[in-house]
Amino acid sequence: MSGPLQIARLTARDQALSERWDAFVQAQPQATFFHLSGWLRVIEAVFGHRGHYLLAERDGCVEGVLPLVEVKSRLFGHSLASLPFAVYGGVVASTPEAAAALETEAERIAKARGVQHLEYRNLGGVRHEDWPRQDLYVTFRKEILPEEEANMLAIPRKQRAMVRKGIKNELRAEIDAGVDRFFDLYADNVHRHGTPALPKRYFEALAQEFGDVVEVLTVTAPDGQPLSSVLSFYFRDEVLPYYAGDAEAARDLAANDFKYWELMRRACARGLKVFDYGRSKQGTGSYSFKKNWGFEPQPLSYEYRLFKRDAVPQNNPNNPKYQLLIKTWRRLPLGVVNWLGPHIVKNLG
């Protein structure tokens, strides 16, 4: 006869429980890179947000996990989410009982902490039909074919021509030992788009926490000038290009297209199976870019349990009320925004 299901809390210092947590995540098909326990340590250390990492176990065997982070912000409100700074989250469980118990505990915590809403960023579809949902985001995931040339030919003709243009321009792709070149390109890029940059120490913390499954690939011109860079995560048989940045010169040289082709080509050589192009907002340039690569959008089910709100929060650049701030941000010097930005963006998630 089996024992009762119990809910435990993972802390950043509990290495033994972290290892059991991650072993469970690695074995669950519906789990993602963002369910790994290392995110708890990174988010608490870099941003100071409080993690509520819940684990369901019975007789010493893990049956489910639910990573949650509490964010308090004067600008954006008080929330409990799975998971800020991640495109995927929510409960991962091997039994319905464990899933229900984890979500019950999450709701208890949300009410006890007095949050305005509880958010689950599900990858696997709708879990709560009666909850309000955010329909703004989609994800783009596609099979990596076994042969390099097959992957090239799978790219639609117009975009394939851009990749070949980058090759003709004798661009080079290099794996960086650190995040310096990536961060310079990323920070400049987001500044041009009018949004604050995450702090450099966040990317350094990701690399330190997750080791060689975090990789920076940088594209340079023949003279060595950095043009485009991407920080990717590797999880099981998937590659996830997650953060990226480009110099203004990258467009004319097709460095952005070349960058993603090089990442796909190298993933193919490693025998990986899935290229996860990540989340985009519908109607944006990044959405169109990924569609042009032959990827089909898959709706993301972001579900909300509202406690002290009347509607789903819209903390994104598409919200009209942020347009003046975006225009002002673009005009500020880069040094100023790199100093001020982390204090703002840490509460966006």
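Residues numbered from 1 in each chain as written. Predicted model: local features only at pLDDT ≥ 70, side-chain atom pairs only at ≥ 80, totals over all residues. Heavy atoms only, no water.

## Regarding the overall build of the protein chain
What the protein chain contains, in helices and strands, is 12 helices and 17 strands. Within the protein chain, counting contacts between residues at least 6 apart in sequence, those at least 24 apart form 71% of the total. Carbon and sulfur atoms provide 51% of the accessible area of the protein chain, an area that totals close to 16200 Å². (Helix = DSSP H or I, 4+ residues; strand = E, 2+ residues; numbered from the N terminus. Contact = heavy atoms within 4.5 Å. Areas by Shrake-Rupley, 256 points an atom, 1.4 Å probe, with all protein chains shown as cover.)

## Examining the packing of helix H5 (residues 157-168) against helix H9 (residues 255-269)
Contact pair H5 / H9: the axes reach a minimum separation of 8 Å and the direction vectors enclose 95°. Relative to H9, H5 is oriented roughly perpendicular. For the pair H5 and H9, the contacting residues are Gln159, Met162, Val163, Gly166 and Ile167 in the first and Asp257, Phe258 and Trp261 in the second. Class assignment for the residues of the contact of H5 with H9 results in five nonpolar, two polar and one charged. (Axes fitted to C-alpha atoms, helices over the stretch in contact; angles between N-to-C directions. Parallel < 35°, antiparallel > 145°, perpendicular 65-115°, else oblique. Nonpolar A, V, L, I, M, F, W, Y, C, P; charged D, E, K, R; others polar.)

## Overview of the nonpolar core
Grouped burial of nonpolar side chains is what soluble globular proteins tend to show. Core analysis: the biggest nonpolar cluster contains 55 residues, and Phe34, Trp39, Tyr202, Phe203, Phe233 and Tyr243 have the highest contact counts within it. With six residues, helix H2 (residues 38-47) is the largest single contributor of residues to this core. When sequence neighbours within four positions are dropped, the list of residues in contact with phenylalanine 203 reads Val179, Phe182, Phe183, Tyr186, Leu198, Leu231 and Tyr243. If you look at the next biggest cluster of nonpolar residues, it comprises 31 residues, including Leu217, Val239, Cys268 and Phe275. (Core = buried A, V, L, I, M, F, W, Y, C linked by side-chain atoms within 4.5 Å. Buried < 20%, exposed > 50% of the residue type's maximum accessible area, 1.4 Å probe, protein only.)

## With respect to the environment of glycine 283
Tracing the chain through its elements places glycine 283 in the loop between strand S15 (274-281) and helix H10 (285-292). Classification of glycine 283 as exposed rests on a relative accessible area of 73%.

## What to know about the sheet that holds S15
Pairing in this open sheet of seven strands is mixed, and the strands run S11-S12-S13-S14-S15-S10-S16 from one edge to the other. Both edges of this open sheet fall to strand S11 (172-176) and strand S16 (297-299), since each of them pairs with a single strand only. Across the sheet, the mean angle separating the axes of adjacent strands is 30° when strand polarity is ignored. (Pairing = 2+ DSSP bridges.)

## Regarding the sheet that holds strand S8 (residues 117-122)
Strands pair in a sheet through their backbones, by hydrogen bonds, and they do so in one of two ways: parallel or antiparallel. Reading across the sheet, the six strands line up as S2-S5-S6-S8-S17-S9 and stay open at both edges, with mixed pairing between neighbours. This sheet does not close on itself; its edge strands, each paired only once, are strand S2 (50-51) and strand S9 (133-134). The sheet contacts of helix H3 (residues 96-113) involve S2, strand S5 (69-73), strand S6 (77-82), S8 and strand S17 (301-306), and relative to S8 the element is tilted by about 145°.

## As for unusual backbone geometry
Residue serine 82 is joined to leucine 83 through a cis peptide bond whose omega torsion reads 25°. Within the element layout of this structure, leucine 83 appears in the loop between S6 and strand S7 (92-93). With a phi close to 60°, glutamate 170 is a non-glycine residue in the positive phi region. Along the chain, glutamate 170 falls in the loop between H5 and S11.

## Details of the packing of aromatic side chains
Aromatic ring pairs are defined here through the distance separating the ring centres and the angle between the ring planes. Taken as a whole and assessed by the stated rule, the structure comprises 37 aromatic pairs. Consider the rings of phenylalanine 33 and phenylalanine 233, whose centres lie 4.5 Å apart with planes at 20°: the pair is stacked. Highlighted residues: phenylalanine 33 in the loop between helix H1 (15-27) and H2 and phenylalanine 233 in strand S13 (residues 226-235), separated in sequence by 200 residues. According to the relative accessible area criterion, phenylalanine 33 is buried, its value standing at 1%. For the ring pair tyrosine 260 and phenylalanine 289, a centre distance of 6.0 Å and an interplane angle of 55° mean the geometry is tilted. (Phe/Tyr/Trp six-rings, centres within 6.5 Å; stacked < 30°, edge-to-face > 60°.)

## Describing the environment of glutamate 248
With respect to the helices, strands and loops of the structure, glutamate 248 is situated in the loop between strand S14 (238-246) and helix H8 (250-253). Distance from glutamate 248 to aspartate 188, taken between C-alpha atoms, is 9.1 Å for residues 60 residues apart in sequence.

## A short note on the pattern of salt bridges
Pairing between side chains of opposite charge can happen when their charged atoms approach one another. Taken as a whole and assessed by the stated rule, the structure comprises 21 salt bridges. Residue arginine 266 is joined to glutamate 262 by a salt bridge in which the shortest nitrogen-to-oxygen separation is 3.1 Å. Pair noted here: arginine 266 and glutamate 262 are both in helix H9, with a separation of four residues, about one helical turn. Here the salt bridges share partners, and the residues they tie into one network are Arg58, Glu63 and Glu97. (Salt bridge = Lys/Arg side-chain N within 4 Å of Asp/Glu carboxyl O.)

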